[in-house]
Amino acid sequence: SPICMAWGGASNVDWVGNICSRISSNAPELRSLHVLPSRSLKDGDWTRIAQALSRNHVLTELYASGHHLAAQDAAALSESLCTNSTLTSLCVGGRELGDHGLAALTRRLAESGVTSLDLENNGITDLSALQGQLPNIRSLNLARNPLGKQAAEQLAAACSGASGVSELNLSGCGLGGAEVRAFIPALGGVTCLQLAHNPLGPEGCAALNFPEGCALETLDLCGVEAGRQGALSLAQATYSAPSLRQVLLRDNGIADGGCLEQLLQGSKISTVDLSENPIGNDGALALAAGGTSLAHVCMRGCG
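Here's what I pulled together on the structure shown here. Computed from a predicted model, the values in this text were never measured in an experiment.

1. Remarks on the overall build of the protein chain
Okay, so step 1: Helix and strand counts for the protein chain come out as 10 helices and 12 strands.
Okay, so step 2: Against the globule reference of 19 Å for 303 residues, the protein chain gives a C-alpha radius of gyration of 21 Å, in line with a compact fold.
Okay, so step 3: Reported as C-alpha extents along the three principal axes, the dimensions of the protein chain are approximately 65 × 35 × 30 Å.
Okay, so step 4: When each of the 303 residues of the protein chain is scored for burial, the buried share is 52%.
Okay, so step 5: Within the protein chain, contacts between residues at least 6 apart in sequence are counted, and of these 79% link residues at least 24 apart.
Okay, so step 6: On the protein chain, roughly 12,200 Å² of surface is accessible, and the fraction owed to carbon and sulfur atoms is 49%.
Okay, so step 7: For the protein chain, the centre of its 18 positive side-chain charges and the centre of its 27 negative side-chain charges are spaced 7 Å apart.

2. So, the side chain of N26
Okay, so step 1: Along the polypeptide, N26 turns up in the loop between helix 1 (12-24) and strand 2 (32-35).
Okay, so step 2: Engagement of the side chain of N26 in a polar contact is seen with the backbone oxygen of R55, the distance being 3.2 Å.
Okay, so step 3: Beyond its immediate sequence surroundings of up to four residues, N26 is in contact with R55, N56, H57 and V58.

3. A word on the nonpolar core
Okay, so step 1: Grouped together as the largest cluster of nonpolar side chains are 92 residues, with contacts concentrated most on L90, L170, F183 and L193.
Okay, so step 2: In terms of residues, this core owes the most to one element, helix 5 (residues 149-160), which gives 6 residues.
Okay, so step 3: Contact partners of L170, with chain neighbours within four places excluded, come to L142, A143, L147, L155, L175, F183, Q194, L195 and N198.

4. With respect to the pairing of strand 4 (residues 89-93)
Okay, so step 1: With 5 of 5 residues buried, strand 4 lies mostly within the body of the structure.
Okay, so step 2: With respect to chirality, the unit in which strand 3 (residues 61-65) leads through helix 3 (residues 71-83) into the neighbouring parallel strand 4 is right-handed.
Okay, so step 3: In terms of strand pairing, strand 4 meets strand 5 (residues 116-118) through 3 bridges, oriented parallel. The partner of C91 across the bridge, within strand 5, is D118.
Okay, so step 4: Tracing the backbone out of strand 4, into helix 4 (residues 98-106) and back to the parallel element strand 5 gives a crossover that is right-handed.

5. Quick notes on the packing of helix 8 (residues 227-237) against helix 9 (residues 257-264)
Okay, so step 1: Viewed as axis vectors pointing N to C, helix 8 and helix 9 meet at an angle of 15 degrees, and their least axial separation amounts to 8 Å. As judged from the angle between their axes, helix 8 and helix 9 are roughly parallel. Here helix 8 runs over helix 9; the crossing is left-handed. Here helix 8 contributes R228, A231, L232, L234 and A235 to the contact with helix 9, which in turn contributes C259, Q262 and L263.
Okay, so step 2: In the contact of helix 8 with helix 9, the residues fall into 6 nonpolar, 1 polar and 1 charged.

6. What to know about the pairing of strand 3
Okay, so step 1: Only one face of strand 3 is buried: it carries L62 and A64, and the other face, with E61, Y63 and S65, is open.
Okay, so step 2: Of the pairings in the sheet, the one linking strand 2 to strand 3 comprises 3 bridges and is parallel in character. The residue of strand 3 that forms the bridge with S32 is E61.
Okay, so step 3: The parallel pair strand 2 and strand 3, bridged by helix 2 (residues 45-53), forms a crossover whose chirality is right-handed.

7. Points about the side chain of N122
Okay, so step 1: Here N122 is to be found in the loop between strand 5 and strand 6 (139-141).
Okay, so step 2: The buried category is assigned to N122, whose relative accessible area is 0%.
Okay, so step 3: A polar atom in the side chain of N122 sits 3.2 Å from the backbone oxygen of L119.
Okay, so step 4: The residues touching N122, leaving out its near neighbours within four places in the chain, are V92, G93, G94, R95, E96, L97, G98 and N145.

8. Let's talk about the packing of helix 2 against helix 3
Okay, so step 1: Between helix 2 and helix 3, the least distance of the axes is 8 Å, while the angle of their chain directions is 5 degrees. In terms of orientation, helix 2 and helix 3 fall into the roughly parallel class. Residues W46, T47, A50 and L53 of helix 2 touch helix 3, and the partners they reach there are D73, A76, L77 and S80.
Okay, so step 2: The residue inventory of the contact of helix 2 with helix 3, partitioned by class, reads 5 nonpolar, 2 polar and 1 charged.

Each value, and the rule that gives it
Every chain is numbered on its own, with residues counted from 1 as its sequence reads. The predicted nature of this model means local features are confined to residues of pLDDT at least 70 and side-chain atom pairs, given and counted, to a pLDDT of 80 or more, with totals for whole chains, interfaces and linings taken over all residues. Hydrogens and waters are ignored; side-chain quantities use all the structure's heavy atoms. Counting from the N terminus, the helices are DSSP H or I runs at least four residues long and the strands are E runs at least two residues long. As defined in this context, the radius of gyration uses C-alpha atoms, and a globule is described by 2.2 Å times the residue total to the power 0.38. Under the scheme applied here, a residue whose accessible area is under 20% of the maximum for its type counts as buried, over 50% as exposed, and between as partly exposed, the area being computed with a 1.4 Å probe on protein chains only. Residues count as neighbours in contact if any of their non-hydrogen atoms are within 4.5 Å of one another. To be clear on the numbers: accessible area is Shrake-Rupley with a 1.4 Å probe, and residue cover counts the displayed protein chains and nothing else. Only four residue types enter the charge count, namely Lys and Arg as positive and Asp and Glu as negative; His and the chain termini do not. Lys charges are placed at NZ, Arg charges at CZ, Asp charges at CG and Glu charges at CD. Here a polar contact is taken to be a pair of N or O atoms separated by no more than 3.5 Å, where protein atoms must pair a possible hydrogen donor with a possible acceptor and residues adjacent in sequence count only if both atoms sit in side chains. Take the buried residues of types Ala, Val, Leu, Ile, Met, Phe, Trp, Tyr and Cys, join any two whose side-chain atoms come within 4.5 Å, and each joined set is a nonpolar core. Handedness is read with the strands pointing away from the viewer; a crossover is right-handed when the path from the first strand over the helix to the second is clockwise. The pairing criterion for strands is at least two bridges between them, as found by DSSP. Angles shown run from 0 to 180 degrees and are taken between the N-to-C directions of axes, each axis being a line fitted to C-alpha atoms and, for helices, limited to the stretch in contact. The labels follow the angle: roughly parallel below 35 degrees, roughly antiparallel above 145, roughly perpendicular from 65 to 115, and oblique for the rest. In this scheme, a crossing is called left-handed if the near helix is turned counterclockwise away from the far one by less than a right angle; it is called right-handed if the turn is clockwise. When residue character is reported, Ala, Val, Leu, Ile, Met, Phe, Trp, Tyr, Cys and Pro are called nonpolar, Asp, Glu, Lys and Arg charged, and the others, Gly included, polar.

Structural data, given as structure tokens:
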């Protein structure tokens, strides 16, 4: 689809007014709008954009990550999404959006056509606003938000209700074993789960007790400090995930090929990334012995 990128250069009023005019007039070439960091958005600008969106039936993607979005503007955007029938992908907000901004942005999310919501690095700590708002969401990105155990429980409540989430990104959220135990039972319908760069350790890996017969196909555990014990725990967890085909384990301090053999034996995993794990030649041999279903293996930097 044609992409419009809002660059720097013109005055703030000029570019916001121009974009709003094109959105309101349903310019046929304007299917995807990316507002680059070189632009600035002031309080009130988002309300103007929201008003234009409410009259639009062409735009399908709006990407404006890292831009200031005040709570009142987030509320206006939320209202506009209820009348816009074509926008399916939304990525907005910055580190100051926070919990109040999230509540304002998502208060009528369930009434919109948005299926992909990207809220990465928005300073969010409370996910209670998502309760009942996820029936249409297929892809939810919450990466790099400092989520504690309470937020993990709130996420579980949101996902265990009327939720359509199949792709969930929780990378870099500071999650440990307690948080994982809180939300994993509610993720039976998730097909792609990203937990990279969380300090899970062996305890967090042991907490990956997926619901029996879950739909999980891809699991990203890069840089979670799993170690040998974590890999062994993961081997047990995979028995509950019969659809699991891709496992990413880059940079986890795994040096024992035996635990990798256990991970792969009896599974249908076809793709595994073991880059930057010091498994050496012995580990590679063990991997070959256990990975009867393997089709793709990445072993860059494995010694």
